[in-house]
Amino acid sequence: MKVVIMGGGKLGYYLSQSLLDKEHEISLIEKDKIKCEKLANELGIEVICGDGTEIQSLTDADIVKADCFIAVTGRDQDNLVASQLVKKRFMVKKVIARANNPRNLEAIKELGVDDVVSSTEIITNMIEQEIDSTELQLLASLNKGKASICSVTLPSHSALEGKAIKTIHMPDSSLIVSILRDDRLIIPQGDTILFSGDNVVAICNSSEQNKIKKTFLKVHED
């Protein structure tokens, strides 16, 4: 998949790195010339030194071939302008914008952006989650906050010890996407067995986080 990212800050850098690891084709647009040179050298990707709110920069990034456009600069106005331009003029199917100020979330959503991500919103959710329980972490929000990616480590004497994933009762809308066991990443199947200490990452409806929590943190009763 070809992805064009606008913004070469920390978020843009790590996002590019993550997508490259998954073998996506990345083009990045950044205004700062020094950042452009550093990003190109470190990531080995095409970096356009320009303004993503301008047609020429988007054209140089080959936006017409993009499957997804992601605007993650530190300026909400720039993210919105670029997203609208890409959506309406270049008809890119998937457009995602960063809202640095949570107050701008609804306004950006109403102006036609497919998905709006607020770093502040995600961090706040994570803090609230930590207050509720130090054993369940919210990694990210999806689908405008309707879905969540959560991480949980199975406790000692877990009730799920030795059980296959296909035998575990979970909400229909949830899915285990990965297991980290002794620094080894496992992409699970139905017959994958769980063990105490496994770090499990799952996708679920945000309203069902408590159910996921109860399922994975249950222990054997003596």
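Looking at the layout of surface pockets
- Empty space within the second largest pocket amounts to approximately 220 Å³.
- Along the walls of the second largest pocket sit 20 residues, with G7, G8, E30, T73 and G74 positioned nearest its centre.
- Of all the elements in the fold, those that place two or more residues in the lining of the second largest pocket are α1 (10–21) and β2 (25–30).
- Taken together, the residues of the lining of the second largest pocket sort by class into 4 nonpolar, 8 polar and 8 charged.

Side note on α1
- Relative to the 16 Å expected for 12 residues at 1.5 Å per residue, α1 spans 17 Å between its end C-alpha atoms, a close match to the ideal helical length.
- Residues of α1 that are buried: G12, Y13, S16 and L19. The buried residues of α1 all sit within an arc of 140 degrees when viewed along its axis, so they share a single face. Residues of α1 that are exposed and point more than 90 degrees away from the buried face comprise K10, Y14 and D21.

Parameters and conventions
- Residues numbered from 1 in each chain as written.
- Predicted model: local features only at pLDDT ≥ 70, side-chain atom pairs only at ≥ 80, totals over all residues.
- Heavy atoms only, no water.
- 1 Å grid on protein atoms, 1.4 Å probe; cavity = no way out; pocket = protein on both sides within 12 Å on 5 of 7 lines; lining within 4 Å.
- Points joined across faces, edges and corners; volume = space filled by probe spheres on them.
- Helix = DSSP H or I, 4+ residues; strand = E, 2+ residues; numbered from the N terminus.
- Nonpolar A, V, L, I, M, F, W, Y, C, P; charged D, E, K, R; others polar.
- Expected span 1.5 Å × (residues − 1).
- Buried < 20%, exposed > 50% of the residue type's maximum accessible area, 1.4 Å probe, protein only.
- Arc of directions from axis to C-beta.

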